[in-house]
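Residue-level structure breakdown
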Protein chains: 2
Amino acid sequence: MKQSQLFTKTRREAPADEVSKNAILLTRAGFINKEMAGVYDFLPLGLRVLNKIIGIIREEMNTLGAQEILMSSLQRKELWQRTDRWDDAKVDNWFKTQLKDGGELGLAFTHEEPISNTLEQFVSSYKDLPFSVYQFQTKFRNEARAKSGIMRTREFIMKDLYSFNIDEAAHQNFYERAKESYRKIFNRMGIGDKTYLTEASGGSFSARSHEFQTITDAGEDTIFITNEGKKEAVNKEVDDRQEAGHKAVEVGNIFTLGTKFSDPYLKFKDQAGKEHNVFMGSYGIGPARVMGTIVEVLSDEKGIIWPKEVAPFRVHLISLGQHSVLANEVYQKLQAENIEVLYDDRDARAGEKFADADLIGIPTRVVIGDKALESKMLEIKERNSEDAKMMTLEHLINELSKS
Amino acid sequence: MKQSQLFTKTRREAPADEVSKNAILLTRAGFINKEMAGVYDFLPLGLRVLNKIIGIIREEMNTLGAQEILMSSLQRKELWQRTDRWDDAKVDNWFKTQLKDGGELGLAFTHEEPISNTLEQFVSSYKDLPFSVYQFQTKFRNEARAKSGIMRTREFIMKDLYSFNIDEAAHQNFYERAKESYRKIFNRMGIGDKTYLTEASGGSFSARSHEFQTITDAGEDTIFITNEGKKEAVNKEVDDRQEAGHKAVEVGNIFTLGTKFSDPYLKFKDQAGKEHNVFMGSYGIGPARVMGTIVEVLSDEKGIIWPKEVAPFRVHLISLGQHSVLANEVYQKLQAENIEVLYDDRDARAGEKFADADLIGIPTRVVIGDKALESKMLEIKERNSEDAKMMTLEHLINELSKS
């Protein structure tokens, strides 16, 4: 994409009403816009990153064999009354609304109740199990505090996965596979080395759970590392004995639900005709929270440093001075190789272009200036390195296709 | 995908609480689930179709040069008060909700106000124009009636596009290109020959508009065809003189907004430094409404007949009797060619498999039965034809890659 066509612009100054690093950098770079506290829009560069994160999660969910669906945000009161989660005293972050023709509705903060109810029609025998479903769906949570940028918001897309098995043993097998899937997701997103599988309590969902916690000072939780090699930890909320804690943010969680939510709806008959409740699990990741965490963990004083798999573009091509003919040619050739390029074709000073490139944080910068024209070599600099290299376009394409 | 793994099942009986053909067929075939009147979940087959429709629209929006964003559903009261669209007497289908820490919010029924407000920071000069932005975003509308299945719902993903130009002449140029883009979208979705560019009133949005109306008895509008060759019509609401009317459903609309919504926010300076309001247009398509319309228009007494570009799978492979070895082989080979296949590997009678295939409506049915094993030829039948053909797998792959 040509940067001259991009409607967003970077800003030098931090927005006055933001305190979190992720919101400041993402706003300055033109990735997001704040509608109100805890509610953000995703602008073109920001939506590209969000969709890359969603794409990685979707691939891993499909590899796990889960089937994608999309449930509604508007939810019926009755379904939540049956499990005693409708009352604001029981769940303190509901948004509720009214139907014109009467009746109160909830705005989805999660989907255990509706998914169990929906699936009832498809499950009657052990032959219908096991299976798992997931969605990328907008959740609403009426948060009192909302000062962590896109890491804790009142409206966000969540990936929620639900598993349905005949018993705890079968569930445990899937649960272990889900753990590995989550590990892979966070590794691909570039935060695997800072992310710990953490024992935690289950909140209003279940007795026990595991969280994936990424170490950052921006986190709201405290974890104790129990095994550095295996990247395992325990949340302070369940084990307060240890001393050396780290601040961390929960980027994912996995719950053993058991039969709590299947009890009103989801039953199956075994081979002998005996009825049982389906054994459930649920597994969440908030793509925008992950995006915010990546910014918190991978940025420097100049701006963001996106990992390759989630970057809005793979290459930032910068044309300096009067070299647009050569730059256009490089742009066309990179695009022909299916390499995603943001091409800074603006009529602006070199210093401004470099500062914007550092702020936006695309992994590989390619500069077309006097040096390039003289030598037929391109000046290449990785965002996470100080050193520039000179190489031919063919060499660059070869390097990019390897990574 | 193997049909034995799909968690949904077809049903023989129509759901008791549905009157519209699209809801009945899509529910029977396992594409959707009703949460309440006017609120539906998309199950795996249904989400695949919805995403195909979204994919076609996204391609055409990108071709038009529009930039994709994602705005919030939660909206600030103040933005709507400025244009006098907050009051329920002015807009009769608002859903509203309350923040825990005080203050009323709206749930998005459209985005003219928030988008104008968001863009204010990026537009100051004529050099910042023209541009256009679009999103696939969840809208909420508090409909009193909701009896048209997925064609009129209380919660739905909408593609809304907004254009920003320096004046009416520049706007008109974009508007004409948007018309062509919409034509192409409905042609690709298989309903182009029944869809008319229709003059209409602008509702609460603008003085004038054009609708794309698809002729079907399930429609709520009446249109008069003014030019059959050019596929042009006029809505009864603006021209009641003519006699031969057709029932039709609005599958898309395009509005010239002018400066109504830019007036409070979006201004630019021309070359002489004089200030003007930005000239706006907005352009909507509801992917689920299009999906429902396709079912209304393209179905028979046996089930749905999906056009190729929006079908959940391209091929329905059906294994009969004891021929799973050959069927597995065909399944692998089709997948290796990147052809999307639903493989009916279930242990079920031929009659049940054929009835399900007709109901689900995948374009090309491939049967592996005794005939196939004897002759090494596959039995191929298009969903929209009565005649079966015998051909080799290589021939089939060749035919599919051409279409």
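All of these numbers come straight from a predicted model, not from anything done at the bench.

Across the boundary between the two partners, chain B contributes 39 residues, which contact 39 residues of chain A. Broken down by secondary-structure element, the contributors of at least two residues to the side of chain B that touches chain A are strand 1 (32–36), strand 2 (39–42), helix 2 (44–63), strand 3 (67–68), strand 4 (74–76), strand 5 (95–98), helix 4 (112–119) and strand 7 (131–140) of chain B. Examining the composition of the side of chain B that touches chain A, we find that four residues originate from one element, strand 2 of chain B, more than from any other. Its residues assigned to classes, the side of chain B that touches chain A comprises 20 nonpolar, nine polar and ten charged.

We note that the domain assignment places domain 1 (21–300) and domain 2 (313–402) within chain A. Taking the mean C-alpha position of each, domain 1 of chain A and domain 2 of chain A sit 39 Å from one another.

Let us now look at the sheet that holds strand 20 (residues 341–344) of chain A. Residues and elements named next belong to chain A. Spatially, five strands are ordered 20-19-21-22-23 in an open sheet, and the strand pairing comes out mixed. Two strands bound the open sheet, and with one partner strand each, they are strand 20 and strand 23 (388–391). Going across the sheet, the axis of each strand differs from the next one's by a mean of 25°, ignoring polarity. Examined bridge by bridge, strand 21 (residues 364–368) and strand 22 (residues 378–382) share four bridges and lie antiparallel to one another. Looking at strand 22, one finds that R365 is bridged to K381. Along the sheet, helix 7 (residues 324–336) makes contact with strand 19 (315–319), strand 20, strand 21 and strand 22, crossing strand 19 at roughly 165°. Sitting on the sheet, helix 8 (residues 350–360) touches strand 19, strand 20 and strand 21, and the angle it makes with strand 19 is about 175°.

Let us now look at the pairing of strand 21 of chain A. Residues and elements named next belong to chain A. Counting buried positions over the five residues of strand 21 gives five, a clear majority of the element. In the sheet, strand 19 pairs with strand 21 via five bridges, with the strands oriented parallel. Each residue of the ladder has a partner; that of H316, found in strand 21, is R365.

Thresholds, definitions, all that
- Residues numbered from 1 in each chain as written.
- Chains lettered and ligands numbered in written order.
- Predicted model: local features only at pLDDT ≥ 70, side-chain atom pairs only at ≥ 80, totals over all residues.
- Contact = placed C-beta atoms within 7 Å.
- Helix = DSSP H or I, 4+ residues; strand = E, 2+ residues; numbered from the N terminus.
- Nonpolar A, V, L, I, M, F, W, Y, C, P; charged D, E, K, R; others polar.
- Domains from an automatic or database assignment.
- Pairing = 2+ DSSP bridges.
- Axes fitted to C-alpha atoms, helices over the stretch in contact; angles between N-to-C directions.
- Buried ≥ 20, exposed ≤ 12 C-beta atoms within 10 Å, placed from the backbone.

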